[in-house]
Amino acid sequence: MALGNPIQFIQQTRAEISKIVWPTRREVILTTVMVFVMAALAAVFFALIDLAIRSGLQLLLGAFG
């Protein structure tokens with residue numbers, strides 16, 4: 001693999017960095033809030049599933065135990 005010109009590499013890197021579009025403060029806040037909301041919904045969902053499975057197992061084991 002041949003090494004390229006370091007100056008050309010730096011120029012290309014600067015050109016690529018200039019294409020970056022940073023999110024606005026509002027976008028960051030909205031995305032963060034959505035992550036917390038989705039995490040909370042997932043936690044509630046899995047807690048309810050866990051409760052249902054535990055109740056079902058207790059019923060099943062109570063009937064045969």
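Residues numbered from 1 in each chain as written. Predicted model: local features only at pLDDT ≥ 70, side-chain atom pairs only at ≥ 80, totals over all residues. Heavy atoms only, no water.

**A short note on the overall build of the chain**
Step number 1: Secondary structure assignment for the chain yields two helices and zero strands.
Step number 2: Taken over the C-alpha trace, the chain has a radius of gyration of 27 Å; the compact-globule value for 65 residues is 11 Å, which it surpasses by more than 25%.
Step number 3: If you line up the chain on its principal axes, its C-alpha atoms span 75 × 40 × 10 Å.
Step number 4: In the chain, which comprises 65 residues, the proportion classed as buried is 0%.
Step number 5: If you sum the accessible surface of the chain, you get close to 6,500 Å²; carbon and sulfur atoms cover 73% of it. (Helix = DSSP H or I, 4+ residues; strand = E, 2+ residues; numbered from the N terminus. Rg over C-alpha atoms; globule rule 2.2 N^0.38 Å. Buried < 20%, exposed > 50% of the residue type's maximum accessible area, 1.4 Å probe, protein only. Areas by Shrake-Rupley, 256 points an atom, 1.4 Å probe, with all protein chains shown as cover.)

**Focus: a nonpolar patch on the surface**
Step number 1: On the surface, a cluster of nonpolar side chains totalling about 880 Å² of accessible area is made up of F45, F46, I49, I53, L57, L60, L61 and F64.
Step number 2: Within the element layout of this structure, F45 appears in helix α2 (residues 25-64).
Step number 3: Overall, F45 belongs to the partly exposed group, its relative accessible area being 46%. (Patch = residues over 30% accessible without salt bridge, like charges linked within 9 Å, V, L, I, M, F, W, Y side chains within 5 Å. Salt bridge = Lys/Arg side-chain N within 4 Å of Asp/Glu carboxyl O.)

**Focus on the pattern of salt bridges**
Step number 1: In this structure the tally under the stated criterion is two salt bridges.
Step number 2: K19 is the salt-bridge partner of E16, the closest N and O atoms lying 3.2 Å from each other.
Step number 3: D50 is paired through a salt bridge with R54; the nearest N and O atoms lie 3.2 Å apart. Within this pair, D50 and its partner R54 are both found in helix α2, separated by four residues, close to a single helical turn.
Step number 4: Of the residues examined, R54 reaches a relative accessible area of 44% and is grouped as partly exposed.

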